[in-house]
Amino acid sequence: PLRTIGGGVFAAALLALFAAPAAAQKTTFQPSLSFSVGYTDNVAFVGMDETSDTAYQLGLDLPVERRLRRGTLSFRYAPSYWDHADQDELDRGEHLLDLGISTTFRPGSSLSFSTRFTRGQTQGNFRNIDDPDLTLARRTDRDSLDVQLGYSRSHKRWTWSTAARS
């Protein structure tokens, strides 16, 4: 079910970005590429003795934002891959899709909607992505969907905002 939702979010994002009204003021696309190297020393992984390893991470970030007369549409795709020099079984990839829509419907008030779909693997039997014990438990494939709806009201001296997230 999350695979279908993720595909639907992706299709909706592309449709919204490219089919937006001609009143759009500006579209920005700022891709980036990242590379990092990390070293682990004396780490105990499940099924292995304590070991040291070098890990390489390669990431691509492809954000697109389209500003409209009364709001913004944004889309981001960020794939990444981790490669371990010695512990090949820990190699993994991840795909992240973000979609955001915000609108100003009257002066000082805005409504926003965002969703994030993640497909990848994590080390650990997780209940959420912030599992504290990432190295001592088995790897788990995961698909995760996060949705947030927000409202903001600004005045000369204060700003009030609220959000609901699932």
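Refer to the preceding data block for the structure.
Only a predicted model underlies this, so the values are computations on that prediction, with no experimental measurement involved. (Residues numbered from 1 in each chain as written. Predicted model: local features only at pLDDT ≥ 70, side-chain atom pairs only at ≥ 80, totals over all residues. Heavy atoms only, no water.)

Draft legend 1. Summary view of the overall build of the protein. Across its full length, the protein holds one helix and eight strands. Mapped in sequence order, the helices and strands of the protein form the string α-β-β-β-β-β-β-β-β. Taking all 166 residues of the protein together, the buried fraction comes to 28%. The contacts in the protein between residues at least 6 apart in sequence include a share of 49% that link residues at least 24 apart. (Helix = DSSP H or I, 4+ residues; strand = E, 2+ residues; numbered from the N terminus. Buried < 20%, exposed > 50% of the residue type's maximum accessible area, 1.4 Å probe, protein only. Contact = heavy atoms within 4.5 Å.)

Draft legend 2. Up close: the side chain of Ser80. Take Ser80: it is sitting in strand β4 (residues 71–84). Relative accessible area serves as the criterion here: at 14%, Ser80 is assigned to the buried category. Those residues in contact with Ser80 that sit more than four places away from it in its chain are Gln57, Leu58, Gly59, Arg92, Gly93 and Glu94.

Draft legend 3. Representation of the packing of aromatic side chains within the structure. Scanning the model with the defined rule gives three aromatic pairs in all. A centroid spacing of 6.3 Å and a plane angle of 20 degrees characterise the contact between Phe35 and Tyr56, whose relative ring orientation is stacked. With Phe35 in strand β2 (residues 32–43) and Tyr56 in strand β3 (residues 51–68), this residue pair connects regions lying 21 residues apart in the sequence. Under the relative-accessibility criterion, Phe35 is labelled exposed at 56%. (Phe/Tyr/Trp six-rings, centres within 6.5 Å; stacked < 30°, edge-to-face > 60°.)

Draft legend 4. Seen up close, the pattern of salt bridges. Applying the stated rule across the entire model yields five salt bridges. Salt-bridge contacts for Arg76 lead to Asp61; the nearest nitrogen and oxygen are separated by 2.8 Å. In this pair, Arg76 is assigned in strand β4 and Asp61 in strand β3, connecting sequence segments 15 residues apart. Using a relative accessible area of 26% as the deciding quantity, one classes Arg76 as partly exposed. (Salt bridge = Lys/Arg side-chain N within 4 Å of Asp/Glu carboxyl O.)

Fair warning: the whole summary comes from geometry, so function is off the table for now.
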